[in-house]
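Tertiary structure, described
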Amino acid sequence: MNDPAAAATPSGAYPLPAPADDPRFTHGLARDIAETLQQHGFPHLTGSDRVNLMIALHQFIYAPQETS
């Protein structure tokens with residue numbers, strides 16, 4: 001079935017191919033995003049929130065690695 005809305009939506013820049021290592025993906029990146037969330041009125045991260053944020057960021061930024 002053809003969905004005209006889907007056809008009109010350009011594909012995004014993300015996810016990127018998952019590299020073996022990316023020096024840009026750091027705890028500092030997550031800290032900056034956490035600070036931005038707070039500046040917009042969201043609660044301070046506590047407990048496992050930082051780990052969950054890192055996981056969510058990784059899943060958004062990088063495509064799943066294919067396993068053979």
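Residues numbered from 1 in each chain as written. Predicted model: local features only at pLDDT ≥ 70, side-chain atom pairs only at ≥ 80, totals over all residues. Heavy atoms only, no water.

1. Points about the nonpolar core
Side chains that are nonpolar tend, in soluble globular proteins, to be buried together. Definition in use: Among buried residues, the Ala, Val, Leu, Ile, Met, Phe, Trp, Tyr and Cys ones that are joined through side-chain atoms within 4.5 Å form a nonpolar core. Accessible area is worked out with a 1.4 Å probe on protein chains only. A residue is then buried under 20% of its type maximum, exposed over 50%, and partly exposed in between. Each helix is a run of DSSP H or I of at least 4 residues and each strand a run of E of at least 2, with the numbering of both proceeding from the N terminus. Contacts: residue pairs with any heavy atoms within 4.5 Å of one another.
In this structure, F25, A30, A34, L45, L53, M54, L57, I61 and Y62 together form the largest nonpolar core, which totals 9 residues. Elements with a contribution of two residues or more to this core: α2 (27–39) and α3 (49–61). The biggest single contributor to this core is α3, with 4 residues. Leave out the neighbours within four places in its chain, and F25 touches M54, L57, H58, I61 and Y62.

2. A word on the pattern of salt bridges
What counts is decided by this rule: Any Lys or Arg side-chain nitrogen found within 4 Å of a carboxyl oxygen on Asp or Glu counts as a salt bridge.
What the rule picks out here adds up to 1 salt bridge. For the salt bridge of R24 with D22, the shortest nitrogen-to-oxygen distance reads 2.8 Å. Residue R24 is classed as exposed on the basis of its relative accessible area, which comes to 59%. Taking the relative accessible area as the measure of exposure, D22 reaches 11% and is therefore buried.

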